[in-house]
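Each chain, letter by letter, is given below.
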Amino acid sequence: MATLPLAAGIAACSGTAGPAFVPDGGRVRIGYGMWDADQVPAMQEVISAFRAEHPDIDVTIQLTPWATYWTKLQTSIVGGGAADVFWMNAPNIAKFARYATLLPLTDRLARDGITLAEHPPHLVELYRRDGEQYGVPKDYDTISLFYNKELFERAGIGYPDESWTWQHVLDASAEIRDPRSGVFGFSAALDRQRNLYPAIFQNEGWVLRGTRSGFDDEATIGGLRFLTDAIDRNLAPNAMAEADTRAREQFQGGKVAMYNGLPNDSNATYKDPEVRARTGVAVLPRGAQRGTVIHGLANVINARTPYPDASYEFVKFMAGRTTGEIQGRSGTILPSFSGTQQAFLEAKPEFRMQSFIDQVPVATAYPASVSTTTWELMQLRVLGPSWIGPGSRPIEESAQLLASDMNDVLAKEAV
Amino acid sequence: MSQLATAPAVRAERAAPARPYRRRQRSAYLFIAPVGLGLGIFYLYPAVSTFVLSFAEWGPFGGHTFTGFTNYLTVFQLDAFWTALGNTLLYMLIGLLTLPAAILFAVLLNRDGLRGVTVYRTLYFIPFVTLPVASGMVWKWLYNGDFGLINQFLGIFGLPGTYWVSNPATALFAIGIVQVWSQVGYYLVIFIAGLKAIPKEYAEAAEIDGASAFQRFWHITLPLLSPSIFFCAVINIILTLQIFDLVYVMSASATVNPAFGASQSIVSLFYEKAFVEADKGTATALAFLLMLLIAGLTYVQFRLQRRWVNYV
């Protein structure tokens, strides 16, 4: 039914700058690069819906596991074999945009009258670099608190809710902590998106302003200290335990009572009926203020695709309501198209998934620059020694070191 | 006249064997060609271009400008490089344990009248043919601090365990030991072949002269095995200096491992620079420095061999 206005649109702009989409003498096959296997079924459904409108464009999913997604993408862009359309995230957008590896979308979107107004504005902004739109938001995420109801009941403590503060977390953890069975109160793992950034923002700290690192700011250090203190007081597993068994697995195994999770962390938790029954989801407890980090993926187009028009049609389609609805219904991810989140909430009625949406107003954007990957690796290397528990390097010292290393990297970016 | 008559004859005599020789040579080159092409395309060309490009700065998506020794200076100023260099040399030293272990097992397996030798040999060889990634994963489970079998085993004797591959103090050794475990079977096979080549008469003669089993091993077997030991030492050092997959699987692949820096090898630093940070200039300089290190150590070994290797 959308074919007619679309065809008119194509006819209208075929005389203007840039070639409009003309089926390339028959079928065109484009590749769609992504990393999350959980989302493959929903994406297949999106592709089917897209194919109903564009029978001449075949879309093949190219799934690369997260661990090698970026290395492979970067190499294949150089080598010329990368997917035509692929997932982009905050840490990488600035670098990919600066080196002109992505197809600019501003003119095409304007031509089609697409304003992306239905997507969270700071996400749209995130994928706009130097006035040029490179990506179209696909989904978004904030962080929420997953808790184990059984462990709370056993300790005789009420479930976490929006009234909770850091002190509540520490007090509850002291009650729940059981060295004999190896049960901890909460996970304070060295995980930037789930733990570091929310704690920093909740303490009014900051990570990056222009080309300055915020890791030497007292407020930032205070946020980090909340995490390292909990480890030093033996209320949370140290980084060695977290490295051996990831927080989500510890939580599913009933070894930690609370952990900070992304919306898609709920997928594995929901799958196991036993774990599902004992899991609750709440907004993050507050520190000096409420806070969390917000991030979202976007669909971008490879600048070197032989089929820019077909790729654009696909990305444009995915910016629309239908894609949001399919993603929401699958329950795997929180779609960014406004008004399509309801289906996501209904997919897991036992969990209070609304918590993720409730926190959007208090969320801070995921910090990123051109060399994000480099200074993110530094965080791990430099902060790690403060995450070992009693006797490890004081967090003040590690944070100062990190700030100076990070400033060096950021200074080189400007050149 | 006679000179004229004989001269062509002589020439013909000389030319006759020359033609098949040249033809033989040509066919020899044909036989070498497949391997030579492979080596040229996949080893020589990349090695030379790595060297050339180590003097250039690369963009994250290709394109380079020559910058002289900048990359090498960057590498030398990198703390992570010196740590990785130290780690790599430690991996090498731990890796050398493979040789005495392999000799010991080879001698044990080479005893007369031992039954089921083939089974043992196969068992020892299996780790070597197993994918390093697969054995790395399994070992990572064994080493797991909370659920691992090693800690459970230690627990039986009341011994404290640790997070073997995540503890900065133990990670390198834990990984190094797996490297030894996975390589021992390969050298074992070489040593068994070496032992079989030693004539039994020497040991029998020594036995008659009253030499103990240890003396026979020390003064006869070991010196006669030295060519095999030399070969294995050279190969072993080259391989362990390039250790990567076990480090990657057991330590660096965990997104949050506090032992990440303490167990990183030069090749895994190279991987991080080249493919994670997309800083290929620094990475090529690293790769070339590693090549120099390997070439240097191999040269030293060849120089030293005449002092201890006995070629009968």
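Another point: empty space enclosed by the protein. Residues and elements named next belong to chain A. With the rule as written, the count across this model stands at one cavity of 30 Å³ or more. When its volume is computed, the largest cavity comes out at roughly 140 Å³. Around the largest cavity sit 15 residues that line it, and Phe-186, Gln-202, Phe-226, Asn-260 and Pro-285 are the ones nearest its centre. Elements represented by at least two residues in the lining of the largest cavity include exactly α8 (166-176), α9 (192-202), α10 (218-232) and β11 (256-261). Among the elements that make up the lining of the largest cavity, the one with the highest residue count is α9 (four residues).

The next subject is the confidence of the model for chain A. The predicted model of chain A averages 90 in pLDDT, with 93% of residues at 70 or higher. Below a pLDDT of 50 lies the segment residues 1-20 of chain A, which in the model reaches 15 contacts outside its immediate sequence neighbourhood of four places, other chains included.

Counting buried positions along helix α4 (residues 90-98) of chain A yields eight of nine residues, so the element is predominantly enclosed. Structurally, α4 of chain A contributes buried residues whose contacts are with α3 (66-79), β3 (85-88), α6 (121-126), β4 (128-129) and α19 (372-383) of chain A together with α12 (266-276) of chain B. Ala-100 of chain A sits one or two positions beyond α4 of chain A and adopts a positive phi of about 50°.

Now for the packing of aromatic side chains. In this description, a pair of aromatic rings is defined by centroid distance and the angle of the planes. All chains considered together, the criterion is met by 50 aromatic pairs over all chains. A ring pair is formed by Phe-125 of chain B and Phe-128 of chain B, whose centres lie 5.6 Å apart and whose planes are at 50°; its orientation type is tilted. Here Phe-125 of chain B pairs with Phe-128 of chain B, and both are found in helix α5 (residues 117-129), just three residues apart, close to one helical turn. In this structure Phe-125 of chain B comes out as partly exposed when scored by relative accessible area, which is 26%. Linked through ring pairs, Trp-35, Trp-66, Tyr-69, Trp-70, Phe-86, Trp-87, Phe-96 and Tyr-99 of chain A together with Phe-61 of chain B together constitute an aromatic cluster. The ring of Phe-184 of chain A is capped by Arg-177 of chain A, whose NZ or CZ atom sits 3.8 Å from the centre of that ring. Note that Arg-276 of chain A overlies the ring of Tyr-270 of chain A, its terminal NZ or CZ placed 4.2 Å from the centroid.

Rules of the game
- Residue numbers here run from 1 along each chain, matching the order of that chain's written sequence.
- Chains carry letters from A onward and ligands carry numbers from 1 onward, assigned in written order.
- pLDDT decides what is reported in this predicted model: residues at 70 or higher carry local features, side-chain atom pairs at 80 or more are listed and counted, and totals for whole chains, interfaces and linings draw on all residues regardless.
- Side-chain metrics rest on all non-hydrogen atoms present in the structure, leaving aside hydrogens and water.
- With a 1 Å grid spanning the protein atoms alone, the term cavity applies to any set of points in which a 1.4 Å probe fits but cannot get out, the term pocket to an open set with protein on both sides within 12 Å along at least five of seven lines, and the term lining residue to any residue with an atom within 4 Å of a point.
- Grid points are joined across faces, edges and corners, and a volume is the space filled by probe spheres set on the points.
- Per the convention used, a helix needs a DSSP run of H or I reaching at least four residues, while a strand needs a run of E reaching at least two, with both numbered from the N terminus.
- Values of pLDDT, the confidence the predictor places in each residue, fall between 0 and 100.
- Any pair of residues with heavy atoms lying within 4.5 Å of one another is described as a contacting pair.
- Classification of residues uses two cut-offs on accessible area relative to the type maximum, computed with a 1.4 Å probe and protein chains only: under 20% is buried, over 50% is exposed, and between them is partly exposed.
- In this scheme Phe, Tyr and Trp rings, the latter by its six-membered ring, pair at centre separations within 6.5 Å, and the angle between planes marks the pair as stacked below 30 degrees, edge-to-face above 60, and tilted otherwise.
- The rule for a charge over a ring is simple: NZ of Lys or CZ of Arg within 6 Å of the ring centre, and within 35 degrees of the ring normal.

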